[in-house]
Amino acid sequence: MKTTMKLMMMAVLMVFVMTSVHAQDPFYLYKEGCKVTFVDKNSKGKITSYSTLTVTKVQGDVNNATVTYETMVMDNKKNPVLTKPMPQTYTIQNGDVVFDAKSLVNQISEGMDVTVTGTPFKLPADTKTGDTFGDYSISIKIAAIKTNSDITEQKIVAEETVEISGHSIPCVVLENMQVSKVIGIKQTAKVKSWYGRGVGVVKVETYNKKGKLMTVREIESIEGL
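None of the values given here were measured: they were computed from a predicted structure.

Asker: What is the right way to look at the side chain of S51 in this model?
Answerer: Assignment of secondary structure puts S51 in strand 3 (residues 47–60). Under the relative-accessibility criterion, S51 is labelled buried at 5%. Within the structure, S51 has its side chain in polar contact with the side chain of R217 (distance 3.3 Å). Setting aside chain neighbours within four positions, we find S51 in contact with V36, T37, F38, M72, V73, M74 and R217.

Asker: Would you mind going over the pairing of strand 2 (residues 35–42) with me for this structure?
Answerer: Looking along a regular strand, one sees the side chains alternate between the two faces of the sheet. Bridge analysis of strand 2 against strand 3 gives seven bridges, and the strand direction is antiparallel. Looking across to strand 3, one finds that K41 is bridged to I47. From the end of strand 2 to the start of strand 3, which pair antiparallel, there are four residues, and G45 there has a positive phi angle of about 85 degrees. Bridging between strand 2 and strand 15 (residues 213–223) involves eight bridges; their strand directions are antiparallel. What sits directly across from N42, in strand 15, is T215.

Asker: So what exactly am I meant to see when it comes to the environment of V58 here?
Answerer: Locating V58 in the fold gives a position in strand 3. C-alpha separation for the pair V58 and Y30, spaced 28 residues apart in sequence, amounts to 7.1 Å. If near-sequence neighbours (up to four positions away) are discounted, V58 is found in contact with Y30, E32, T66 and V67.

Asker: How should the confidence of the model for the protein be read in this particular structure?
Answerer: When pLDDT is low, close inspection of the predicted coordinates is not appropriate. For the protein, mean pLDDT is 80; residues scoring 70 or higher make up 76% of the total. By mean pLDDT, strand 1 (residues 20–21) is the weakest element of the protein at 50, and strand 2 is the strongest at 95. Low pLDDT (under 50) marks residues 15–20, which in the prediction has 29 contacts with non-local residues, meaning those over four places away or in another chain.

Asker: Help me understand a positive patch on the surface in this model?
Answerer: A cluster of basic residues, K44, K46, K77 and K212, forms a positive patch at the surface. As for its placement among the helices and strands, K77 is situated in the loop between strand 4 (65–74) and strand 5 (86–93). Under the relative-accessibility criterion, K77 is labelled exposed at 64%.

Asker: Sorry, what's going on with unusual backbone geometry here?
Answerer: Apart from glycine, the bulk of residues carry a negative phi angle, and the bulk of peptide bonds sit in the trans form. Although it is not a glycine, K78 sits at a positive phi angle of roughly 65 degrees. Here K78 shows up in the loop between strand 4 and strand 5. Non-glycine residue E153 carries a positive phi angle of around 55 degrees. Structurally, E153 can be placed in strand 11 (residues 145–164). Judged by relative accessible area, E153 falls into the exposed class, the value being 61%.

The rules behind each value
Residues numbered from 1 in each chain as written. Predicted model: local features only at pLDDT ≥ 70, side-chain atom pairs only at ≥ 80, totals over all residues. Heavy atoms only, no water. Helix = DSSP H or I, 4+ residues; strand = E, 2+ residues; numbered from the N terminus. Buried < 20%, exposed > 50% of the residue type's maximum accessible area, 1.4 Å probe, protein only. Polar contact = N/O pair within 3.5 Å; in protein donor to acceptor, adjacent residues only side chain to side chain. Contact = heavy atoms within 4.5 Å. Pairing = 2+ DSSP bridges. pLDDT = per-residue confidence, 0-100. Patch = residues over 30% accessible without salt bridge, like charges linked within 9 Å, V, L, I, M, F, W, Y side chains within 5 Å. Areas by Shrake-Rupley, 256 points an atom, 1.4 Å probe, with all protein chains shown as cover. Salt bridge = Lys/Arg side-chain N within 4 Å of Asp/Glu carboxyl O. Lys, Arg positive; Asp, Glu negative; His and termini not counted. Charge placed at Lys NZ, Arg CZ, Asp CG, Glu CD.

See the structure below:
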């Protein structure tokens, strides 16, 4: 039960890790039928879990649209930890992508008291190396479990092309600091994230205060791109 709840909370937080972006060549999936499989690893490279994201419906054009997708969280053997995929939506409004965080939270917390506050980060499509961004915070409460995160020192540090499943994906690399408190336990981490055009999050590396690599989340495969 503890492991399942941890994976669920991870899925909730991924809503906010994935950014709101300008819709022309967005740093997010918007092609109907596309499926991405992520793999999570610990500091020793051992696989801890998997998850999938599948775009099921796109209504509208690249500037103004509603995108529906499904997320499935799995354990390290690719066994689902949920009874069914979690439907989520985001809308593209005049070039900005806006996520409906509650569409995810409500699916994994049916019957629980859920509160979500905070302002998701917005990453412009024309961002470049050296660009910096303001701070923001996230607060999620599911029943008695409360998570708070403050994100600061955001900066684009590089532009790289990543090769995945035969695709060359142009990415920007964002670094920031995250101070989180989960079930009363405070954690400080440096996070390095690769965002690919037309794909979204490609890879995320998390380091502790001493600069030691702690976790890696990266795309294992892409279908239908």
